[in-house]
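Now for the letters of each chain:
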Amino acid sequence: EIVLTQSPTTMAASPGEKVTLTCRASSSVSYMHWYQQRSGTSPKLWIYETSKLASGVPNRFSGSGSGTSYSLTINSMETEDAATYYCQQGSSYPPMTFGGGTKLELK
Amino acid sequence: EVQLQESGPGLVKPSQSLSLTCSVTGYSITSNYWGWIRKFPGNKMEWMGYISYSGSTSYNPSLKSRISITRDTSKNQFFLQLNSVTTEDTATYYCARLVFRRVYWYFDFWGPGTMVTVSS
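The numbering scheme is per chain: residues are counted from 1 as the chain's sequence reads. Just so you know, chain letters begin at A and ligand numbers begin at 1, following the order they were written in. Local features are withheld for residues below a pLDDT of 70 in this predicted model, meaning they are given only at 70 or higher, and side-chain atom pairs are given and counted only at 80 or more; totals for whole chains, interfaces and linings count all residues. Water and hydrogen atoms play no part in the side-chain values, which are based on all heavy atoms of the structure.

## Observations concerning the overall build of chain B
Here a strand is any run of E in DSSP of at least two residues, a helix any run of H or I of at least four, and the numbering for each starts at the N terminus. The number of helices and strands found in chain B is zero helices and 11 strands. Reading chain B from its N end, one meets helices and strands in the order β-β-β-β-β-β-β-β-β-β-β. Here the globule rule is a power law, 2.2 Å times the number of residues to the power 0.38, and the radius of gyration is based on C-alpha atoms. What you see for chain B is a C-alpha radius of gyration of 14 Å, in line with the 14 Å of a compact globule of 120 residues. A principal-axis box enclosing the C-alpha atoms of chain B has dimensions of 40 × 30 × 25 Å. Across the 120 residues of chain B, 50% fall into the buried class. Residues count as neighbours in contact if any of their non-hydrogen atoms are within 4.5 Å of one another. Partitioning the intrachain contacts of chain B with sequence separation of at least 6 by distance along the chain shows that 52% fall at a separation of at least 24. Within this scheme the basic residues Lys and Arg register as positive and the acidic residues Asp and Glu register as negative, but His and the chain ends are omitted. Charge placement uses NZ in Lys and CZ in Arg. For Asp and Glu, CG and CD serve respectively. Positive and negative charge centroids in chain B, built from 11 and 7 side chains respectively, lie 5 Å apart. Relative accessibility decides the category of a residue: with a 1.4 Å probe and only protein chains considered, values under 20% of the type maximum give buried, values over 50% give exposed, and everything between is partly exposed.

In C-alpha coordinates, the structure reads:
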(Lines give C-alpha, C1' and ligand atoms only; values in the text may rest on other atoms or scores of the structure.)
Protein backbone atom coordinates (compact mmCIF):
# COMPACT_ATOMS: atom_id res chain seq x y z
CA GLU A 1 0.00 0.00 0.00
CA ILE A 2 1.29 3.45 -0.91
CA VAL A 3 1.33 5.84 2.04
CA LEU A 4 0.84 9.54 1.32
CA THR A 5 2.30 12.04 3.79
CA GLN A 6 1.09 15.62 3.63
CA SER A 7 2.91 18.58 5.10
CA PRO A 8 2.37 20.74 6.91
CA THR A 9 -0.52 19.25 8.89
CA THR A 10 -1.85 22.72 9.65
CA MET A 11 -0.86 26.15 8.46
CA ALA A 12 -2.18 29.70 8.40
CA ALA A 13 -1.75 32.18 5.57
CA SER A 14 -2.57 35.86 5.17
CA PRO A 15 -4.65 37.16 2.25
CA GLY A 16 -2.36 37.63 -0.76
CA GLU A 17 0.27 35.23 0.55
CA LYS A 18 1.64 32.41 -1.62
CA VAL A 19 0.91 28.95 -0.20
CA THR A 20 2.47 25.59 -1.04
CA LEU A 21 1.15 22.28 0.27
CA THR A 22 3.21 19.11 -0.15
CA CYS A 23 2.31 15.44 -0.59
CA ARG A 24 4.99 12.75 -0.53
CA ALA A 25 4.36 9.16 -1.60
CA SER A 26 6.11 6.14 -0.11
CA SER A 27 6.67 4.84 -3.68
CA SER A 28 6.48 6.44 -7.08
CA VAL A 29 3.00 7.17 -8.48
CA SER A 30 1.96 8.29 -11.94
CA TYR A 31 -0.31 11.13 -10.96
CA MET A 32 -1.64 12.88 -7.86
CA HIS A 33 -5.13 14.25 -7.31
CA TRP A 34 -6.23 16.86 -4.78
CA TYR A 35 -9.52 17.53 -3.00
CA GLN A 36 -10.73 20.56 -1.08
CA GLN A 37 -13.01 20.04 1.89
CA ARG A 38 -14.57 23.02 3.62
CA SER A 39 -16.01 22.58 7.08
CA GLY A 40 -19.34 20.73 7.06
CA THR A 41 -19.21 19.81 3.38
CA SER A 42 -18.02 16.84 1.35
CA PRO A 43 -14.67 16.77 -0.47
CA LYS A 44 -14.58 18.35 -3.91
CA LEU A 45 -12.24 17.33 -6.69
CA TRP A 46 -9.86 20.27 -6.95
CA ILE A 47 -6.87 19.21 -9.03
CA TYR A 48 -6.63 15.99 -11.05
CA GLU A 49 -3.86 14.33 -13.04
CA THR A 50 -1.33 16.32 -10.98
CA SER A 51 -1.91 19.69 -12.63
CA LYS A 52 -5.39 19.96 -14.18
CA LEU A 53 -7.86 22.23 -12.42
CA ALA A 54 -11.33 20.82 -11.86
CA SER A 55 -14.31 22.76 -13.14
CA GLY A 56 -14.79 26.05 -11.32
CA VAL A 57 -11.42 26.06 -9.55
CA PRO A 58 -9.79 29.50 -9.67
CA ASN A 59 -6.59 29.77 -11.67
CA ARG A 60 -4.65 31.01 -8.64
CA PHE A 61 -4.39 27.27 -7.85
CA SER A 62 -1.85 25.06 -9.53
CA GLY A 63 -0.48 21.57 -9.08
CA SER A 64 2.86 20.02 -9.95
CA GLY A 65 5.17 17.15 -9.17
CA SER A 66 6.23 13.69 -10.23
CA GLY A 67 7.40 10.39 -8.80
CA THR A 68 7.12 10.63 -5.02
CA SER A 69 6.79 14.39 -4.54
CA TYR A 70 3.79 16.53 -5.42
CA SER A 71 2.54 19.98 -4.46
CA LEU A 72 -0.49 22.22 -4.59
CA THR A 73 0.19 25.96 -4.79
CA ILE A 74 -2.07 28.93 -4.23
CA ASN A 75 -0.58 31.99 -5.89
CA SER A 76 -2.37 34.49 -3.70
CA MET A 77 -4.36 33.28 -0.69
CA GLU A 78 -8.01 34.33 -0.51
CA THR A 79 -10.53 33.98 2.32
CA GLU A 80 -12.49 31.28 0.52
CA ASP A 81 -9.39 29.07 0.23
CA ALA A 82 -9.43 28.23 3.94
CA ALA A 83 -10.17 24.50 3.98
CA THR A 84 -8.57 21.09 4.37
CA TYR A 85 -6.79 19.75 1.30
CA TYR A 86 -6.25 16.03 0.70
CA CYS A 87 -4.03 14.36 -1.86
CA GLN A 88 -5.01 10.98 -3.34
CA GLN A 89 -3.27 8.43 -5.53
CA GLY A 90 -5.03 5.91 -7.72
CA SER A 91 -2.05 4.61 -9.67
CA SER A 92 -0.97 1.81 -7.37
CA TYR A 93 -4.17 0.04 -6.60
CA PRO A 94 -5.66 -1.59 -4.67
CA PRO A 95 -5.98 0.24 -2.53
CA MET A 96 -6.40 3.85 -3.64
CA THR A 97 -5.06 5.93 -0.78
CA PHE A 98 -5.40 9.41 0.65
CA GLY A 99 -3.03 11.67 2.53
CA GLY A 100 -3.83 12.79 6.04
CA GLY A 101 -4.79 16.28 4.91
CA THR A 102 -3.45 19.81 5.36
CA LYS A 103 -5.70 22.24 7.19
CA LEU A 104 -5.21 25.70 5.73
CA GLU A 105 -6.45 28.56 7.87
CA LEU A 106 -6.72 32.28 7.28
CA LYS A 107 -4.30 34.36 9.31
CA GLU B 1 -25.20 17.12 -13.27
CA VAL B 2 -24.44 14.01 -11.30
CA GLN B 3 -25.80 14.06 -7.77
CA LEU B 4 -25.31 11.42 -5.08
CA GLN B 5 -27.07 11.09 -1.75
CA GLU B 6 -26.24 8.68 1.06
CA SER B 7 -28.90 7.34 3.42
CA GLY B 8 -29.07 4.84 6.25
CA PRO B 9 -29.01 4.47 10.03
CA GLY B 10 -26.85 6.89 11.95
CA LEU B 11 -26.33 4.46 14.84
CA VAL B 12 -25.29 0.81 14.63
CA LYS B 13 -24.55 -1.57 17.51
CA PRO B 14 -21.20 -3.34 17.72
CA SER B 15 -21.09 -6.74 15.96
CA GLN B 16 -24.06 -5.82 13.76
CA SER B 17 -24.02 -4.87 10.08
CA LEU B 18 -23.86 -1.34 8.71
CA SER B 19 -26.01 -0.83 5.61
CA LEU B 20 -26.03 2.34 3.52
CA THR B 21 -27.69 3.35 0.26
CA CYS B 22 -26.38 5.77 -2.34
CA SER B 23 -29.03 7.22 -4.63
CA VAL B 24 -27.72 8.67 -7.88
CA THR B 25 -29.49 11.19 -10.09
CA GLY B 26 -28.39 12.75 -13.34
CA TYR B 27 -26.32 9.77 -14.46
CA SER B 28 -26.81 6.04 -14.86
CA ILE B 29 -24.87 3.71 -12.60
CA THR B 30 -24.63 1.34 -15.56
CA SER B 31 -21.88 3.66 -16.73
CA ASN B 32 -18.65 4.42 -14.86
CA TYR B 33 -17.61 3.19 -11.44
CA TRP B 34 -19.23 3.95 -8.08
CA GLY B 35 -17.51 3.80 -4.75
CA TRP B 36 -17.56 4.26 -1.00
CA ILE B 37 -15.06 6.25 1.02
CA ARG B 38 -15.09 6.95 4.74
CA LYS B 39 -13.52 9.66 6.86
CA PHE B 40 -12.68 8.84 10.45
CA PRO B 41 -12.69 11.27 13.37
CA GLY B 42 -9.24 12.86 13.13
CA ASN B 43 -9.55 13.20 9.33
CA LYS B 44 -8.03 9.97 8.01
CA MET B 45 -9.78 8.96 4.78
CA GLU B 46 -10.11 5.41 3.50
CA TRP B 47 -11.31 4.09 0.14
CA MET B 48 -13.55 1.12 0.88
CA GLY B 49 -14.46 -0.28 -2.51
CA TYR B 50 -16.36 0.20 -5.75
CA ILE B 51 -18.90 -1.40 -8.06
CA SER B 52 -18.46 -1.07 -11.79
CA TYR B 53 -20.89 -0.31 -14.61
CA SER B 54 -21.11 -4.09 -15.21
CA GLY B 55 -21.61 -5.00 -11.55
CA SER B 56 -18.11 -6.22 -10.81
CA THR B 57 -16.61 -5.12 -7.52
CA SER B 58 -13.25 -4.29 -5.98
CA TYR B 59 -12.56 -3.86 -2.30
CA ASN B 60 -9.87 -2.48 -0.06
CA PRO B 61 -7.90 -5.53 1.13
CA SER B 62 -8.16 -4.25 4.70
CA LEU B 63 -11.95 -4.75 4.53
CA LYS B 64 -12.26 -7.64 2.14
CA SER B 65 -13.74 -10.13 4.58
CA ARG B 66 -16.40 -7.75 5.89
CA ILE B 67 -17.56 -5.64 2.95
CA SER B 68 -20.08 -6.06 0.17
CA ILE B 69 -21.15 -3.51 -2.44
CA THR B 70 -24.22 -4.25 -4.54
CA ARG B 71 -26.60 -2.28 -6.75
CA ASP B 72 -30.16 -1.94 -8.01
CA THR B 73 -30.00 -0.54 -11.53
CA SER B 74 -33.80 -0.12 -11.71
CA LYS B 75 -33.59 2.42 -8.88
CA ASN B 76 -30.16 3.78 -9.87
CA GLN B 77 -28.86 2.99 -6.40
CA PHE B 78 -25.87 1.16 -4.99
CA PHE B 79 -25.37 -0.16 -1.49
CA LEU B 80 -22.72 -0.71 1.14
CA GLN B 81 -22.83 -3.49 3.69
CA LEU B 82 -20.12 -3.73 6.32
CA ASN B 83 -20.37 -6.69 8.68
CA SER B 84 -19.23 -7.21 12.26
CA VAL B 85 -18.73 -3.51 12.95
CA THR B 86 -16.79 -2.18 15.92
CA THR B 87 -16.37 1.29 17.33
CA GLU B 88 -13.42 1.64 14.92
CA ASP B 89 -15.96 1.84 12.07
CA THR B 90 -17.41 5.09 13.41
CA ALA B 91 -16.93 7.54 10.54
CA THR B 92 -18.59 9.74 7.96
CA TYR B 93 -19.39 7.61 4.92
CA TYR B 94 -19.36 9.09 1.43
CA CYS B 95 -20.42 7.64 -1.90
CA ALA B 96 -18.73 8.96 -5.01
CA ARG B 97 -18.31 8.45 -8.74
CA LEU B 98 -14.93 7.21 -9.82
CA VAL B 99 -13.08 8.14 -12.97
CA PHE B 100 -10.76 5.51 -14.45
CA ARG B 101 -8.04 6.62 -16.87
CA ARG B 102 -6.11 3.56 -18.06
CA VAL B 103 -3.67 3.51 -15.15
CA TYR B 104 -5.17 5.62 -12.41
CA TRP B 105 -8.36 6.49 -10.58
CA TYR B 106 -9.89 9.54 -8.93
CA PHE B 107 -13.27 10.67 -7.56
CA ASP B 108 -15.09 13.44 -9.41
CA PHE B 109 -18.49 13.67 -7.72
CA TRP B 110 -19.24 13.05 -4.05
CA GLY B 111 -22.36 12.80 -1.95
CA PRO B 112 -22.74 15.03 1.13
CA GLY B 113 -21.86 12.15 3.45
CA THR B 114 -23.64 10.44 6.31
CA MET B 115 -22.24 10.05 9.79
CA VAL B 116 -22.43 6.57 11.29
CA THR B 117 -21.68 5.93 14.94
CA VAL B 118 -21.05 2.42 16.23
CA SER B 119 -22.10 2.24 19.86
CA SER B 120 -24.10 0.05 22.18
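Text resumes after the structure shown.
## Focus: the pairing of strand β11 (residues 102-106) of chain A
Residue and element names in this part refer to chain A. For two strands to count as paired, DSSP must find a minimum of two bridges between them. Where strand β2 (residues 10-13) lies against β11, four bridges are found, and the strand directions are parallel. Bridging across to β11, Ala-13 finds its partner in Leu-106. Taken together, the three bridges between strand β9 (residues 83-89) and β11 define a ladder with antiparallel strand orientation. Residue pairing in the sheet places Thr-84 in a bridge with Lys-103 of β11.

## Some points on the interface of chain B and chain A
Taken residue by residue, the interface counts 23 residues in chain B and 20 residues in chain A. Salt bridges are counted wherever a side-chain nitrogen of Lys or Arg sits within 4 Å of a carboxyl oxygen of Asp or Glu. Linking chain B with chain A are zero salt bridges. Under the rule applied, a polar contact is a pair of N or O atoms within 3.5 Å (in protein, one hydrogen donor and one hydrogen acceptor; residues adjacent in sequence only if both atoms are side-chain atoms). At the boundary of chain B with chain A, the tally comes to 12 residue pairs in polar contact (both at pLDDT 80 or more). Contributing elements (two or more residues each) for the side of chain B that touches chain A: β4 (33-39), β5 (45-52), β6 (57-59), β9 (91-101) and β10 (104-110) of chain B. Tallying contributions element by element places β10(B) first for the side of chain B that touches chain A, with six residues. When grouped by side-chain class, the residues that make up the side of chain B that touches chain A number 15 nonpolar, four polar and four charged. Classification convention: Asp, Glu, Lys, Arg as charged; Ala, Val, Leu, Ile, Met, Phe, Trp, Tyr, Cys, Pro as nonpolar; all other residues, Gly among them, as polar.

## Comments concerning the sheet that holds strand β1 (residues 3-7) of chain B
Residues and elements named next belong to chain B. The strand order across the open sheet formed by four strands is β1-β3-β8-β7, and the pairing between neighbours is antiparallel. Both outer strands of the open sheet, β1 and β7 (67-72), are each paired with one neighbouring strand and no more. Taken pair by pair, the neighbouring strands of this sheet meet at an average axis angle of 20 degrees, ignoring direction. Sheet analysis places β1 next to strand β3 (residues 18-25), joined by five bridges and oriented antiparallel. The partner of Leu-4 across the bridge, within β3, is Val-24. For every element, the axis is a line fit to its C-alpha atoms; helices are fit only across the contacting stretch, and the angle between N-to-C directions ranges from 0 to 180 degrees.

## A few points about unusual backbone geometry
All names here are of chain A. Put simply, Tyr-93 and Pro-94 share a cis peptide bond, and its omega is -10 degrees. Relative to the elements of secondary structure, Pro-94 occurs in the loop between β9 and β10 (97-98). Of note, the bond from Pro-94 into Pro-95 is cis; its omega dihedral lies within 30 degrees of zero at -5 degrees. Note that Pro-95 resides in the loop between β9 and β10. Positive phi, normally seen in glycine, also occurs at Thr-50, with a value near 75 degrees. Tracing the backbone shows Thr-50 in the loop between β5 (44-48) and β6 (52-53).

## With respect to the nonpolar core
We define the nonpolar core as a collection of buried residues of types Ala, Val, Leu, Ile, Met, Phe, Trp, Tyr and Cys that are connected through side-chain atoms lying within 4.5 Å of one another. Core analysis: the biggest nonpolar cluster contains 43 residues, and A:Trp34, A:Leu72, A:Tyr85, B:Phe107 and B:Trp110 have the highest contact counts within it. For this core, the leading source of residues is β10(B), giving five residues.

## Focus: the sheet that holds strand β1 (residues 4-7) of chain A
Residue and element names in this part refer to chain A. The antiparallel open sheet is built from four strands, whose spatial order is β1-β3-β8-β7. On the outer flanks of this sheet lie β1 and β7 (61-66), each paired with one strand and no other. Strand-to-strand twist of the sheet, defined as the mean angle between neighbouring strand axes without regard to direction, takes the value 15 degrees. Where β7 meets strand β8 (residues 69-74), six bridges bridge the pair, whose relative direction is antiparallel. When the bridges of β8 are listed, Ser-66 appears paired with Ser-69.

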